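Descriptive structure summary
Each chain, letter by letter, is given below.
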Amino acid sequence: ISIDVNKKGIAISPMLYGAFFEDINSGADGGLYAELVQNRSFEFPDGLQSWDISAIGNDKVEFSVEDKGSISSKNPHYLRVQVNKIDKGVKIVNYGYNGITIKSGESYRLSLYARTPNNKINTIIATIEDDNGKIGAKVEVKGITNAWKQYELTFKAANTISDGQLVIKVAKEGILDLDMVSLFPQKTWKNRKNGLRYDIAKLIADLKPAFLRFPGGCIVEGRTMATAYRWKNTIGDISERPTIENLWGYYQSFGLGFYEYFQFCEDIGAEPVPVINCGMACQARNGDMIDLNRLDEYIQDALDLIEFANGDVNTKWGFVRAKLGHPKPFNLKFIAIGNEQWGTDYYIRYEKFYDAIKKKYPNIKVIFAAGPAPSGKIFDDAWTWAKTTKKADIIDEHYYMALEWFLMNTDRYSTYDRKGPKVFVGEYAAHGLGRRNNLEAALAEAAYLLGLEKNSDVVLMASYAPLLAKQYATQWEPTLIKFNNEMAYATPNYYVQKIFNENKGKYILPITLKTTSSNKSADITGMVGLGTWITEAEFKDFKVIDNKTRRTLFADNFKDSYGKWQIVRGMWNIENGIFSQTSNAENCYAVAGDSNWSNYTIQVKARKVSGN
Ligand code: AHR
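Here the residue numbers are simple positions, counted from 1 along each chain's written sequence. Local features in this predicted model are restricted to residues whose pLDDT is 70 or higher, and side-chain atom pairs enter the listing and the counts only when it is 80 or higher, whereas totals over whole chains, interfaces and linings include all residues. Only heavy atoms go into the side-chain values, all of them from the structure, while hydrogens and water stay out.

Moving on, we get to the overall build of the protein. Along its length, the protein carries eleven helices and 35 strands. Taking all 612 residues of the protein together, the buried fraction comes to 55%. Considering only contacts within the protein whose residues lie at least 6 apart along the sequence, 75% involve residues at least 24 apart. Surface exposure here means Shrake-Rupley accessible area, sampled with a 1.4 Å probe, where a residue is shielded only by the protein chains that are shown. Here the protein displays about 26,200 Å² of accessible surface, and carbon together with sulfur accounts for 50% of that area. For the purposes of this entry, the term helix denotes a DSSP run of H or I that reaches at least four residues, the term strand denotes a run of E that reaches at least two, and both are numbered from the N terminus. Note on exposure labels: buried denotes an accessible area under 20% of the residue type's maximum, exposed denotes more than 50%, and partly exposed covers the range between, all computed with a 1.4 Å probe on protein chains only. The criterion used for residue contact is that any of the two residues' heavy atoms lie within 4.5 Å.

Take a look at the structure:
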């Protein structure tokens, strides 16, 4: 190998290594967003999810979730508890996000809206305690009247409670209404009131991401347009942020909203890269879309978002930002239209967004989505459309592939057009056996990142996905950071990101590799070479009979029932065109179809690992 240190090759993109945050795996509510009470404003369809109301003794109690006369029309529900007969008292319990953890000596802030319509229940007692009745902290809320009022109390925990609950005790007969019951650690990231969980935020900050892509991912799309992410629902007082179901099957409070995202980006020196709904719900889940004649409202959302981030205080949305506490603009430079969308329906919508944004904000870089797989028609069509129309500054590619795919594709971008749009690898991760975070996957990603660096005249930005996963609340593995209610820790894949980012060079130095041997293993029975794509029909032409001629299969395009690629590992035997998985799983990989193997399509890359 010779390296020419006197010649500067291409410059390495200074913003190559970023992060992507999505509320998946309880990443926001129950995760990065430090709120400890779940369903704090009783808006979940089961209004009492995560709540329990019971008599301690022979008390007589009735309760209901009401929706008339609440504190906010955006969050219309609240809890009514009517104690008809008092004995030992009534308990109103919230179980948090799989329990509530508080630490001895640390301070917490309880805030709630309360009223007692018949003016009887003027005092309640709140404790954080475990199942055995061990109390970590206790506060009294006094002076409750018949009008809604917000009560806020800060207290220090006397004991650590690792799997606790918030218990509100009522010891009198009467009616009590409660809404927006919230419990936060005092210590949050930058000690903000509606803040982020310190340990998770710190791990993200320590990555020093050059940019932060947010808030998703599929949650931007929603399963239907009714549950699509709309940024205007996520700013202002938390009582004005409606709760909706997110695409990953749980409810989001939007307590972590666009103001908080921008603020966090500023804190950690990351360029904000917001993703906005393009008027289409999740295509992979057959979501619906907005008619073109109603799209203006969504385009306006995008324009208003740019004004919210960059407008001065005399603009409508710049004023809103200033009122929220940030008169200085956030200096937004990028906006992504859609997440994983494709085809003509997307192109027509995207183009309308693009034209409107460029007309008003020509300097904003608009990011176009290439869809959810690194090869095939969706990607090719997207690139063709973008290159022909010249209406994309950056193209967002996503891929979750086998480790070997990463190892075999380190040169993926060497053939990309240097004069076309730049690439943003907005989501990627190497998926190995069991989709675990481990050194093997981390090394495959590391090798691939070298390929991105070498081609970073084309690849501007890249972010691993997803970022966070909560124990027992995970929909998607692997991720960079794991956490539960007590702790957060980083994976080997996280350290790859960190090491690469911290040691990023400025230029690539030209390298020449001279070798005398030729790699014969690429030649498989004269039919396909290493890495050559073959069709299913051609695949059946393989006459492979004994152990000697086993092949390593590296297959792509097996569709699972979600329309995604699923990756498994195993030794594959091919006999007279029939292939079957053997128990010997060493060094061989394949991509699998649905769980019972009855339904799949196949396109394989094959290479020989043994035999002549
Ligand atoms: O990162 C997990 C999901 O993968 C994202 O929400 C989506 O964009 C992709 O399909």
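Let us now look at the nonpolar core. Put simply, a nonpolar core is a bunch of buried Ala, Val, Leu, Ile, Met, Phe, Trp, Tyr and Cys residues held in one set by side-chain atoms that sit within 4.5 Å of each other. Within the largest apolar cluster, 135 residues are counted, with the highest numbers of intra-cluster contacts made by Ile335, Ile357 and Phe368. At eight residues, helix α4 (residues 296–310) tops the list of elements feeding residues into this core. What marks off one domain from the next here is an automatic or database domain assignment. Counting contributing residues per domain, this core is built from domain 1 (19–30 + 188–511) and domain 2 (51–185), each supplying no fewer than three. Excluding anything up to four places from it in sequence, Phe368 contacts Tyr346, Tyr347, Tyr350, Ala382, Trp385, Ala386, Ala392, Ile394, Ile395 and Asp396. The next biggest cluster of nonpolar side chains, apart from the first, holds 36 residues, and it includes Ile144, Phe155, Ala157 and Leu178.

Only strands that DSSP links by at least two bridges are regarded as paired with each other. Spatially, the eight strands line up as an open sheet ordered β2-β14-β17-β18-β19-β20-β21-β22, and their pairing is parallel. At either margin of the open sheet sits one strand with a lone partner, and together these are β2 (19–20) and β22 (459–462). Simply put, an axis is a line fit to the C-alpha atoms, just over the touching stretch for a helix, and the angle between two N-to-C directions goes from 0 to 180 degrees. Its contacts with the sheet put helix α3 (residues 258–268) on β14 (211–214) and β17 (271–276), and the angle it makes with β14 is roughly 165°. Across the sheet, α4 is in contact with β17 and β18 (334–337); its angle to β17 comes to roughly 165°.

Per-chain confidence: the protein averages 86 in pLDDT, with 84% of residues scoring 70 or above. Low pLDDT (under 50) marks residues 517–612, which in the prediction has 191 contacts with non-local residues, meaning those over four places away or in another chain. A residue's pLDDT is the predictor's confidence in that residue, given on a scale from 0 to 100.

What follows covers α3. Along α3, nine of the eleven residues are buried, which leaves the element largely enclosed by surrounding structure. Turning to α3, its buried residues number three or more, namely Phe258, Tyr259, Glu260, Tyr261, Phe262, Gln263, Phe264, Cys265 and Ile268. The elements touched by buried residues of α3 are α1 (198–206), β14, β17, α4 and α5 (316–323). Directly beyond the C-terminal end of α3, a positive phi value near 70° is found at Gly269.

Attention now moves to the side chain of Asn277. Locating Asn277 in the fold gives a position in the loop between β17 and α4. A polar contact is formed between the side chain of Asn277 and the backbone oxygen of Glu221, at a distance of 3.3 Å. Under the rule applied, a polar contact is a pair of N or O atoms within 3.5 Å (in protein, one hydrogen donor and one hydrogen acceptor; residues adjacent in sequence only if both atoms are side-chain atoms). Of the polar contacts made by the side chain of Asn277, one reaches the backbone nitrogen of Met280; its length is 3.2 Å. Apart from residues no more than four positions distant in its own chain, Asn277 is found in contact with Val220, Glu221, Met225, Ala228, Tyr229, Tyr298 and Phe353.

Turning to the packing of aromatic side chains, a few remarks are in order. Note on aromatic contacts: the rings of Phe and Tyr and the six-membered ring of Trp form a pair at centre separations within 6.5 Å, being stacked when their planes are under 30 degrees apart, edge-to-face when over 60 apart, and tilted otherwise. If you walk through the whole model with that rule in mind, you get 45 aromatic pairs. Ring plane angle 40° and centroid distance 6.3 Å describe the contact between Trp231 and Phe258, whose orientation is recorded as tilted. Taken as a pair, Trp231 in the loop between α2 (218–221) and β15 (244–245) and Phe258 in helix α3 lie far apart in primary sequence, 27 residues in all. The pair formed by Trp231 and Phe258 is uniform in burial state, with each residue classed as buried.

Turning our eyes to something else, we now look at a nonpolar patch on the surface. Judged by side-chain polarity, Ile1, Ile3, Val5, Leu509 and Ile511 come together as a nonpolar surface patch covering roughly 530 Å² of accessible area. Within the secondary structure layout, Ile3 lies in strand β1 (residues 2–3). Nonpolar side chains (Val, Leu, Ile, Met, Phe, Trp, Tyr) within 5 Å and like charges within 9 Å form the patches, drawn only from residues with over 30% relative accessible area and no salt bridge. A carboxyl oxygen of Asp or Glu within 4 Å of a side-chain nitrogen of Lys or Arg is what we treat as a salt bridge.

This brings us to α5. All of the buried residues in α5 are Trp317, Gly318 and Arg321. For α5, the angular spread of buried residues about the axis comes to 105°, placing them on one side. Residues of α5 that are exposed and angled more than 90 degrees away from the buried face: Lys316 and Lys323. Here the buried face of α5 lies against α3 and α4. Looking at the residues trailing α5, positive phi occurs at Gly325, about 120°. Think of the arc as the fan of directions from the helix axis to the C-beta atoms.

Relative orientation of the contacting elements α4 and α5 amounts to 50°, with a least axis distance of 7 Å. Comparing their axes, α5 and α4 come out oblique. As α4 packs across α5, the resulting crossing turns out to be right-handed. Residues Asp304, Glu307, Phe308, Ala309 and Asn310 of α4 lie in contact with α5, whose contacting residues are Lys316, Trp317, Gly318, Val320 and Arg321. Throughout this entry, Asp, Glu, Lys and Arg are counted as charged residues, while Ala, Val, Leu, Ile, Met, Phe, Trp, Tyr, Cys and Pro are counted as nonpolar. The remaining residues, Gly among them, count as polar. Class assignment of the residues belonging to the contact of α4 with α5 gives a composition of four nonpolar, two polar and four charged. Here roughly perpendicular refers to angles of 65 to 115 degrees, roughly parallel to angles under 35, roughly antiparallel to angles over 145, and oblique to all remaining angles. Should the near helix be turned anticlockwise from the far one by less than a right angle, the crossing is termed left-handed; should it be turned clockwise, right-handed.

Turning our attention to unusual backbone geometry. A cis geometry characterises the amide bond from Phe214 onward to Pro215, with omega recorded as -5°. Following the sequence through the fold, Pro215 ends up in the loop between β14 and α2. With omega at 20°, the peptide bond leading from Gly216 into Gly217 counts as cis. Position of Gly217 relative to the elements: it lies in the loop between β14 and α2. For Met180, which is not glycine, the phi torsion reads 45° and is therefore positive. With respect to the helices, strands and loops of the structure, Met180 is situated in strand β13 (residues 174–185). Even without being glycine, Asn286 reaches a positive phi, approximately 55°. Examined against the element boundaries, Asn286 turns out to sit in the loop between β17 and α4.

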